[in-house]
Amino acid sequence: MKHPENNEEYKGLTVNEGVAQPSVVNPYLKLKKRPKKRQMSVGEYVEGIVKGDVTILSQAVTLVESVKPEHQVLAQEVIEKCLPYSGYSVRIGISGVPGAGKSTSIDVFGLHVLEEKGGRLAVLAIDPSSERSKGSILGDKTRMEKLSVHPKSFIRPSPSAGSLGGVARKTRETIILCEAAGFDKIFVETVGVGQSETAVHSMVDFFLLIQLAGTGDELQGIKRGIMEMADGIVINKADGNNIEKAKLAAAHYRNALHLFPAAESGWTPKVLTYSGFYNIGVKEIWDMVYEYIDFVKKNGYFDYRRNEQAKYWMYETINEHLRDSFYHNPLITDMLQKKEQEVLNGQATSFSAARKLLDMYFSGMK
């Protein structure tokens, strides 16, 4: 029995049936299908970008970052059409250890240069993706409070998504789109000290390294690879009780720079101290950047470096396409697991297994 209270033994007690609950969905509501968003043509993308439309620029960058083959074809056409309008900006790479204050410094640097020099600024931040979840926070804008609301700035974080080379290439293409949109200053912020520096160094005119003082052995920061790439080194958080430590660290870096061979540009990197939080010493950093740009433009190294970078990215693109072609080849995908198991079982060495897979790939290409 549904309601035992209605049994005869409970005389005088009656429980009525409840009222059926109506559906939470309005039966008279007619759901309209949202119209599918129309894909813009190459001409519409290029026209919007050249006019400086930030919304269309953002959509074009999303197109560049997409992994869909049809999007990639469209993106390449847009980039080629935008190429004649690009190449007129100052590209600055900004790197440093995590916690060095890169995002805060970019906020301060950006505001200073927009107020002093005018023009427009684009910030392209490469955000590290989690190895486990594959997700990214993409929260660099939150640390660029003033710059993110400035009408003359454009901030675009991009996830590394485990493929630093691919993201670096897309960042390089995004630079072209930003320049075509009229941004005459480009900042590229790297993931941190690591392999990303080489990729970013190959797409900027000036490479700025941000360091800290008073965090331990300053000599740990004097690494040959990163130091040789730097066109300028700045010691952040030179304020309060940290001023003397910052000056000492700067002296260490200057001494270390004397041990390295002369830069190909003929420029001697400078070491400066500043405070991003208190906005101290920022003008001197910008004076150094523009002094460098004038120096390399006069001796011809500016154009030489841009040409070398273009050549570098041509070869990088070839390498990337060859890799994709190899791993997406049906013969290889079938044999890869088998060869991997042979290596794990000790039946073949890593090198012999790789050689057989490559031989199979190239024989299938004939």
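Residues numbered from 1 in each chain as written. Predicted model: local features only at pLDDT ≥ 70, side-chain atom pairs only at ≥ 80, totals over all residues. Heavy atoms only, no water.

**Q** Give a detailed account of the confidence of the model for the protein chain, specifying residues and quantitative values.
**A** On average, the protein chain scores 84 in pLDDT, and the residues at 70 or more come to 84%. Counting contacts from residues 129-139, a segment whose pLDDT is below 50, to residues more than four positions away or on other chains yields 19 contacts. Taken together, the stretch residues 217-221 has pLDDT below 50 and engages in nine contacts with residues farther than four places along the chain or on a different chain. (pLDDT = per-residue confidence, 0-100. Contact = heavy atoms within 4.5 Å.)

**Q** Describe the environment of I210, naming the residues involved and giving the relevant values.
**A** By the secondary structure assignment, I210 is in strand β5 (residues 206-212). Judged by its relative accessible area of 0%, I210 falls in the buried class. Separated by 25 residues in the primary sequence, I210 and I235 place their C-alpha atoms 6.0 Å from one another. In this structure, I210 is in contact with I94, S95, G96, V97, A100, K102, S105, V234, N236 and Y274, ignoring residues within four places of it in sequence. (Helix = DSSP H or I, 4+ residues; strand = E, 2+ residues; numbered from the N terminus. Buried < 20%, exposed > 50% of the residue type's maximum accessible area, 1.4 Å probe, protein only.)

**Q** For the side chain of Q211, give the residues involved together with the corresponding values.
**A** With respect to the element layout, Q211 can be found in strand β5. Classification of Q211 as buried rests on a relative accessible area of 6%. Polar contacts involving the side chain of Q211 include one to the side chain of Y253, which spans 3.5 Å. (Polar contact = N/O pair within 3.5 Å; in protein donor to acceptor, adjacent residues only side chain to side chain.)

**Q** A description of unusual backbone geometry should follow, citing residues and the corresponding values.
**A** For K237, which is not glycine, the phi dihedral falls at a positive 60°. On the secondary structure map, K237 appears in the loop between β6 (232-236) and α8 (243-259). Given the relative accessible area of 37%, K237 is considered partly exposed. The backbone of N279 shows a phi angle near 60°, a positive value even though the residue is not glycine.

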